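# Inside the fold
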Amino acid sequence: MFELLTDIGLQLPGCAGTLRFGMDERTAQWAVATVADVRDGWVCGARWAFSAQYRGLTLDAYGDTTGRSGGHQDVAGLAGIGLSRDPLTLAGPAACAVVLRGIDLFGYPTAEVSDAFSDSLPPTLRLSGSGLYLTSVSVQAQSVPAES
């Protein structure tokens, strides 16, 4: 189970620890590597990024962002974390829980998740998915810029 800690980061499955906003790349990769193979990634405006696959989910993390282009705010260390589902598993609940405030975001239909949170989602969190179930969730160290 992954647990989103919106002001802190992401609790990893088992005893793998927590990805904390501000942590350096090596420490973040080491924590994730205890549960999955880590692969290099790329995010525009970030000095480092990586991803990992775990039970039908993709974990993406990036850090050391600069706001030159306006896409990110300046953040030292881990700046953002995303979890997305394998497209082939969108017809039902995900195999691995992704929990926020005791609710499995990928375990219930999108409408039920939306009703449970109403308008109480933190500004650092984004939920995505227009189908029956959510497809991705992301959390950032700073407030997410409003979409235009």
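What comes next concerns the included structure. All figures in this text were calculated on a predicted structure; none of them were measured in a lab.

## Observations regarding the sheet that holds strand S4 (residues 38-40)
- Read from one edge to the other, the open sheet built from six strands follows the order S4-S5-S6-S7-S11-S10, with strand pairing classed as antiparallel. Each edge of the open sheet carries a strand with a single partner, namely S4 and strand S10 (125-128). For this sheet the average axis-to-axis angle between neighbouring strands, irrespective of direction, equals 20°.
- Of the strand pairs in this sheet, strand S5 (residues 46-54) and strand S6 (residues 57-65) are connected by eight bridges, and their pairing is antiparallel. Opposite Phe 50, over in S6, you have Ala 61 as the bridge partner.
- Seen against the sheet, helix H1 (residues 25-33) touches S4, S5 and S6 and runs at an angle of roughly 5° to S5.

## Description of H1
- Every buried residue belonging to H1 is among Ala 28, Ala 31 and Val 32, and all of these are buried. One side of H1 carries all its buried residues, which in axial view fall inside an arc of 95°. Set apart from the buried face of H1 by more than 90 degrees, the exposed residues are Arg 26 and Trp 30.
- In this structure, the buried side of H1 is in contact with strand S3 (18-20), S4, S5 and S6.
- The opening residue of H1, the one whose side-chain oxygen lies 3.1 Å from the backbone nitrogen of Arg 26, is Asp 24.

## A word on unusual backbone geometry
- You will see that Arg 55, though not glycine, has its phi angle at about 45°, which is positive.
- With phi around 50°, Arg 101 is a residue other than glycine that occupies positive phi space.
- Position of Arg 101 relative to the elements: it lies in the loop between strand S8 (98-100) and strand S9 (103-104).

## Looking at empty space enclosed by the protein
- Under the defined criterion, the tally for this structure stands at two cavities of 30 Å³ or more.
- Forming the boundary of the second largest cavity are Phe 2, Val 32, Val 35, Ala 36, Ala 52, Gln 53, Tyr 54, Leu 57, Thr 58, Leu 59 and Leu 83.

## Comments concerning the packing of aromatic side chains
- Tallying each qualifying case throughout the model produces two aromatic pairs.
- Judged by centre distance (5.6 Å) and plane angle (85°), the ring pair of Phe 2 and Tyr 54 falls under edge-to-face. Of this pair, Phe 2 sits in strand S1 (residues 2-5) while Tyr 54 sits in strand S5, and the two are 52 residues apart along the sequence.
- Residue Phe 2 is classed as buried on the basis of its relative accessible area, which comes to 2%.

## With respect to helix H2 (residues 110-117)
- Taken together, the buried positions of H2 are Thr 110, Val 113 and Phe 117. The buried side chains of H2 occupy one side of the element, clustering within an arc of 65° when seen end-on. When the buried face of H2 is taken as reference, the exposed residues oriented beyond 90 degrees from it are Ala 111 and Asp 115.
- Residues of H2 that are buried make contact with S8, S9 and S10.
- Note on H2: the residue one or two positions beyond its end, Ser 118, has a positive phi of about 45°.

Scoring rules and cut-offs
Residues numbered from 1 in each chain as written. Predicted model: local features only at pLDDT ≥ 70, side-chain atom pairs only at ≥ 80, totals over all residues. Heavy atoms only, no water. Pairing = 2+ DSSP bridges. Helix = DSSP H or I, 4+ residues; strand = E, 2+ residues; numbered from the N terminus. Axes fitted to C-alpha atoms, helices over the stretch in contact; angles between N-to-C directions. Contact = heavy atoms within 4.5 Å. Buried < 20%, exposed > 50% of the residue type's maximum accessible area, 1.4 Å probe, protein only. Arc of directions from axis to C-beta. Polar contact = N/O pair within 3.5 Å; in protein donor to acceptor, adjacent residues only side chain to side chain. 1 Å grid on protein atoms, 1.4 Å probe; cavity = no way out; pocket = protein on both sides within 12 Å on 5 of 7 lines; lining within 4 Å. Points joined across faces, edges and corners; volume = space filled by probe spheres on them. Phe/Tyr/Trp six-rings, centres within 6.5 Å; stacked < 30°, edge-to-face > 60°.

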